[in-house]
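# Understanding the architecture of this molecule
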Amino acid sequence: MVVGQHASFLKDYSDSGWYLTVNGLFRIAVPIFFIINGFFFYSVAQSNPRSWFKRLILLYIFWTTFYSYFWFRPTDANLFNIAKIVEVIFVGFHHLWYLPAMIGAAILVFILRNLRPSLLFVIAIAFFLIGLAIQYIGNYHLIENELFDKRIHYLWVYRNFLFFSFPFFALGFLIKKIGLHKTTVSNTWLLTSLFGVILILLESIINFNHLPTADGFDFFASLIIVCPALFLLFLQTEFLGNSKVIAQYSTAIYFIHPFFISILNKFLWFGATANTVLVSVLSVVAGFFIIKLNTKYKCIL
């Protein structure tokens, strides 16, 4: 889904199909990643999370350096470019925003970890709703002040650790803390997931038909329903195979796929949909070698 977002899946065939996937259904992926992170962070938070944070920082340094060709321009040393470089370092290049956002969310959850679960839940939902409101106000241009309207459109204003990462990270943490995955039958989460998918498609259809411009979306109100439900559904489902290997491939695909998108867009353009498939295949193949390298250099995955 993340590859499809970045490669503009279906864009060359159908504007509506592209929008309902890339700016609709596919947006469930990243929040679910944060829920997974928060779920497993619960055990980390009970001991010493220092090594966990250290690993993430090294991971961020490695991949930021790997993609430095795309963002680092030392020859253009004007004030604007220096500011952009500083922004990339602290916010993250392209898809790498995920790592500093997760670090920020984890720090906040660690600070709040001893709060009553109900209070932490309310705080998480409150910040999610603030981020949701900021994005909708910006995308629908509800504020007449042109300067403010432009500023509110910056991704980092709403898609950051506080409004986007923390709410879902905290939900994952709470699911583990209260043992929700052990107390509710999977049929409940199946029905909730189906309901959530319908909601996100409806929300996307409304945006497609009524937005002044085809602005992208990271926030959907329905994400707060569908993402935890899907996570809980699959958490209670038995699968054959090694989950560690699946997790490593998932991580490798996430980190390497923009590299292949850039190459194909420049040298071998088959169309958005075909390139989505090709990038996915290349990322899986590359993932095999990245996993092998990671056995020697632990800062890659």
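These numbers come from a predicted model, not from an experiment. (Residues numbered from 1 in each chain as written. Predicted model: local features only at pLDDT ≥ 70, side-chain atom pairs only at ≥ 80, totals over all residues. Heavy atoms only, no water.)

### Let's talk about the environment of Leu191
Assignment of secondary structure puts Leu191 in helix α13 (residues 186-210). In this structure, the C-alpha to C-alpha distance between Leu191 and His141, residues 50 residues apart in sequence, is 35 Å. (Helix = DSSP H or I, 4+ residues; strand = E, 2+ residues; numbered from the N terminus.)

### Quick notes on the environment of Phe259
Its place among the elements puts Phe259 in helix α15 (residues 243-267). Look past the residues within four positions of Phe259 in its chain and what remains in contact with it is Phe66, Tyr67 and Phe70. (Contact = heavy atoms within 4.5 Å.)

### Some remarks on a nonpolar patch on the surface
Together, Ile82, Val86, Ile89, Phe90, Val91, Tyr154 and Trp156 give the surface a local cluster of nonpolar side chains, amounting to about 650 Å² of exposed area. The biggest single contributor to the nonpolar patch is helix α6 (residues 79-91), with five residues. Locating Val91 in the fold gives a position in helix α6. Residue classification places Val91 among the partly exposed residues on the basis of a relative accessible area of 31%. (Patch = residues over 30% accessible without salt bridge, like charges linked within 9 Å, V, L, I, M, F, W, Y side chains within 5 Å. Areas by Shrake-Rupley, 256 points an atom, 1.4 Å probe, with all protein chains shown as cover. Salt bridge = Lys/Arg side-chain N within 4 Å of Asp/Glu carboxyl O. Buried < 20%, exposed > 50% of the residue type's maximum accessible area, 1.4 Å probe, protein only.)

### Looking at the packing of aromatic side chains
As enumerated under the stated definition, the model contains 45 aromatic pairs in all. Aromatic side chains Tyr136 and Tyr140 sit 5.9 Å apart centroid to centroid with 10° between the ring planes, which places their arrangement in the stacked category. Across from the ring centre of Trp18, 3.8 Å away, lies the NZ or CZ of Lys11, which sits over that ring. (Phe/Tyr/Trp six-rings, centres within 6.5 Å; stacked < 30°, edge-to-face > 60°. Lys NZ or Arg CZ within 6 Å of the ring centre and 35° of its normal.)

### Thoughts on unusual backbone geometry
For Leu10, which is not glycine, the phi dihedral falls at a positive 70°. One can find Leu10 in the loop between α1 (2-7) and α2 (15-22). Within the chain, His141 stands out as a residue other than glycine whose phi angle is a positive 50°. Counting through the fold element by element, His141 comes out in the loop between α8 (117-139) and α9 (146-151).

### Brief notes about the nonpolar core
Soluble, globular proteins show a tendency: their nonpolar side chains are buried together. Counting 85 residues, the largest nonpolar core has Phe34, Phe41, Trp52, Trp63, Phe166 and Phe168 as its most contacted members. Excluding residues that lie within four positions of it along the chain, Phe168 makes contacts with Pro31, Phe34, Ile35, Phe128, Leu223, Ile224 and Cys227. (Core = buried A, V, L, I, M, F, W, Y, C linked by side-chain atoms within 4.5 Å.)

### Observations concerning the pattern of salt bridges
As a working rule, side chains carrying opposite charge can pair if their charged atoms are close by. This model, assessed by the stated rule, comprises four salt bridges. The partner of Arg159 in a salt bridge is Asp218, with the nearest N and O atoms 3.8 Å apart. With Arg159 in the loop between α10 (155-158) and α11 (161-178) and Asp218 in the loop between α13 and α14 (223-235), this pair connects stretches of sequence that are 59 residues apart. Using a relative accessible area of 17% as the deciding quantity, one classes Arg159 as buried. By relative accessible area, which is 10% here, Asp218 ends up buried. Several salt bridges converge on common partners, so that one network encompasses Arg27, Arg159 and Asp218.

This is a description of form; function is not addressed.
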